[in-house]
Number of protein chains: 2
Amino acid sequence: METATLQLMNRVEFGAGAVERLAAELADAGVRRPLLVTDPGIVATGMADRVAGLAGCAVARYDRVPANPTEAAVLQAREQFLDERCDGIIALGGGSPLDFAKAVALLATHAPPLAQYAMVQGGMGRIGPTVPVVAIPSTAGTGSEVGRGGLITLQDGGKRVMASTHLLPRVSLCDPALTLSLPAGLTAATGMDAFTHCVEAYLSPRFNPPVDAIVLDGARRAWRWLRRAVRQPGDLAARGEMMMASIQGGLGFQKGLGAVHALSHPLGALQAPSLHHGTCNAVILPAVLRFNRPAAQARIDALEQALELPAGRTLDAEVARLNAELGLPASLGELGVAPAMIDPLADQAMQDHSCPTNPRPLRRADCVALYQELLP
Amino acid sequence: METATLQLMNRVEFGAGAVERLAAELADAGVRRPLLVTDPGIVATGMADRVAGLAGCAVARYDRVPANPTEAAVLQAREQFLDERCDGIIALGGGSPLDFAKAVALLATHAPPLAQYAMVQGGMGRIGPTVPVVAIPSTAGTGSEVGRGGLITLQDGGKRVMASTHLLPRVSLCDPALTLSLPAGLTAATGMDAFTHCVEAYLSPRFNPPVDAIVLDGARRAWRWLRRAVRQPGDLAARGEMMMASIQGGLGFQKGLGAVHALSHPLGALQAPSLHHGTCNAVILPAVLRFNRPAAQARIDALEQALELPAGRTLDAEVARLNAELGLPASLGELGVAPAMIDPLADQAMQDHSCPTNPRPLRRADCVALYQELLP
């Protein structure tokens, strides 16, 4: 008899136009002075101005969220939050602003530094109520809109997750129309992030049948629609399906992820090169699927069946083929990762919170071998 | 582009032995003086004494929950709750005690009568915070352990649902070992309740892909394991699968149910005969599947495929066959429903909250025809 803690999610308002609920949601949360947290790319599209205009109240702004958020930046935003007497947060953007906003909300009501709240330090129990966050994803991939965790590169250089139900956004406005202007490269990379979340959660050995059903369906959905979202960026139906797949992948986090994320998080913590999380996941996924197959044959079979792969094709090869079709890189070397980086990366990977839920036990030598295989 | 409000569930602690967490969960909720709400059948098994002994504090008891809970009984239990200065509720039993406990929790912090909080009266918005409820299901079927609603027969004789996220149990301890002693007849009837929840939620036209994935998997799970749970009552694995199917069905409620429930609720509100909800659902399901097929062909096809029905077999016929195998009745007449009851039953069915989410519009004449078809 298996046991499980099942706890699914916050409220999601899904659909084209969902962002227009912002003023009503802030009012419902009692937020009168929100801090809009976003990044320069979102500002450049005009989306930050549009969202600020939908808030129905005066909005403070922190619009310098780094591509891989750092604790130093979180502390800056926290200072602004306190100085401007804000009482809630609008998180607008991809996974970085969403994760970042959770950390700012945490430190709005808790003392720094962040390290004491990190999951790997047993910090979950030290996280109490925070200020309300309304999340507005601008990509379809992160899953952070329904996740309890935020990943931040801490002062010591490690990328760590802070997680608690108190960090769940109060509500997420998931508006696929916001992703219509996302460039093909980012659509591909974030879409593969959603797909990877579904696959890794499905392969996690933790017992959670409702989540298994959600992520298996989410993997199928991303597999069916990602090509179309990349090739026909203005196709709202495809954008909606990918945003739903992102939500489904995010609902999978509670089962834990696996080696793809354990290997990917340290890459995201590098100062140089600055790497995109979804892109790293896409590159790493085929090798990890081959590595995991001996320990997860039945589940990989089920995935191959759900995705309706032609007979004789394997998921790892088909993912590599899809990456190539979508213009994603095939190796970490292409991304600027060098052999000398592997040893410290492997050290970090072993400390990652996704390590224990990989279906095949992941030793340090495995991490080194996987990074090496992915380098050329 | 479809839109949806997605909001899944409370926390569930699932597994054999989960009930032993009771004292810790009450303490975590700050409950020092719980009212244990249960029914005479549960008392007779000794389970009420066992659970009271696991509470880790002095427990008040209301153990007279009627088979189809009435507002009069809720008011009695409320008085006891207030008189004994209780600060939380342990709900132990099948759907009746669980629904009943939600209504008592509601009236612990809100003024009677219940009618003003009924969903069909727009009462959802009038429901604010209540006292904590720890739910402990003793059957695998109701879904109330993860549902936001409680069904009570009100003073006017109508069976109405009160629903709000404030009525979700704070935590549900879903312990399949508690169902090992459930008699075959109740195992069958409650199991068909879980199956019906999954089927009706799947056929509801509301857009909610994560819930669709959960209930399709739940339907398959119940279909695979119910026979074994009935025939080998001591099989803990089968009991666990059925309890999981019950949870999955309960997660489906947010999509809305359909005609089976619209027709079944008025039957449960009859003073005589006193009818079992799951049994009524099982009897009604085949006729409603035939009625719905023209409006829901693709979804019924998907169900037939998920359940791996042999080619040429239809879901409605297979459900009827399963009912017969499990010793469940084939008609409402066998249960004591008489022709003269049909007109008022149809009136009530048209007012039921499940009516609008049936995939085929349900008119009064349809309700009359379905009741008539089910009578012989």
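For clarity, every value in this text was computed on a predicted model and none was experimentally measured.

Turning to the overall build of chain A, a few remarks are in order. A tally of regular secondary structure across chain A gives 14 helices and nine strands. Over its C-alpha atoms chain A spans a radius of gyration of 19 Å, differing by no more than 12% from the 21 Å that the globule rule assigns to 376 residues. Taken along its principal axes, the extent of the C-alpha atoms in chain A is 60 × 45 × 45 Å. Within chain A, buried positions represent 59% of all 376 residues. Here the contacts in chain A between residues at least 6 apart in sequence split such that 81% fall between residues at least 24 apart.

Turning next to the domain arrangement of chain A. All names here are of chain A. By domain assignment, chain A separates into domain 1 (11–178) and domain 2 (184–374). Once you take the C-alpha centre of each, domain 1 and domain 2 turn out to be 24 Å apart. Domain 1 puts 27 residues into the contact, and the matching count from domain 2 is 28 residues. Sorting the residues of the side of domain 1 that touches domain 2 by element identifies β7 (149–153) and β8 (159–163) as the ones contributing at least two each. Among the elements that make up the side of domain 1 that touches domain 2, the one with the highest residue count is β7 (three residues). For the side of domain 1 that touches domain 2, the residue count by class is twelve nonpolar, 13 polar and two charged.

In this model, P112(A) is joined to P113(A) through a cis peptide bond whose omega is 0 degrees. For the peptide bond that leads from A272(A) to P273(A), omega is -5 degrees, which places it in the cis range. Mapped onto the elements, P273(A) comes out in the loop between α9 (259–269) and α10 (277–292). We note that E308(B) has phi near 55 degrees; this positive angle belongs to a residue other than glycine.

Residue and element names in this part refer to chain A. One can describe the packing of α9 onto helix α13 (residues 342–350) by two numbers: an axis separation of 8 Å at closest approach and a directional angle of 125 degrees. Here α13 runs oblique to α9, going by the angle between their axes. Relative to α13, the crossing made by α9 is right-handed. For the pair α9 and α13, contact is made by A262, L263, P266, L267 and A269 and by L345, Q348 and A349, respectively. Considering only residue class, the contact of α9 with α13 consists of seven nonpolar, one polar and no charged.

So, how was this worked out
Residues numbered from 1 in each chain as written. Chains lettered and ligands numbered in written order. Predicted model: local features only at pLDDT ≥ 70, side-chain atom pairs only at ≥ 80, totals over all residues. Helix = DSSP H or I, 4+ residues; strand = E, 2+ residues; numbered from the N terminus. Rg over C-alpha atoms; globule rule 2.2 N^0.38 Å. Buried ≥ 20, exposed ≤ 12 C-beta atoms within 10 Å, placed from the backbone. Contact = placed C-beta atoms within 7 Å. Domains from an automatic or database assignment. Nonpolar A, V, L, I, M, F, W, Y, C, P; charged D, E, K, R; others polar. Axes fitted to C-alpha atoms, helices over the stretch in contact; angles between N-to-C directions. Parallel < 35°, antiparallel > 145°, perpendicular 65-115°, else oblique. Left-handed = near helix turned anticlockwise from the far one by under 90°.

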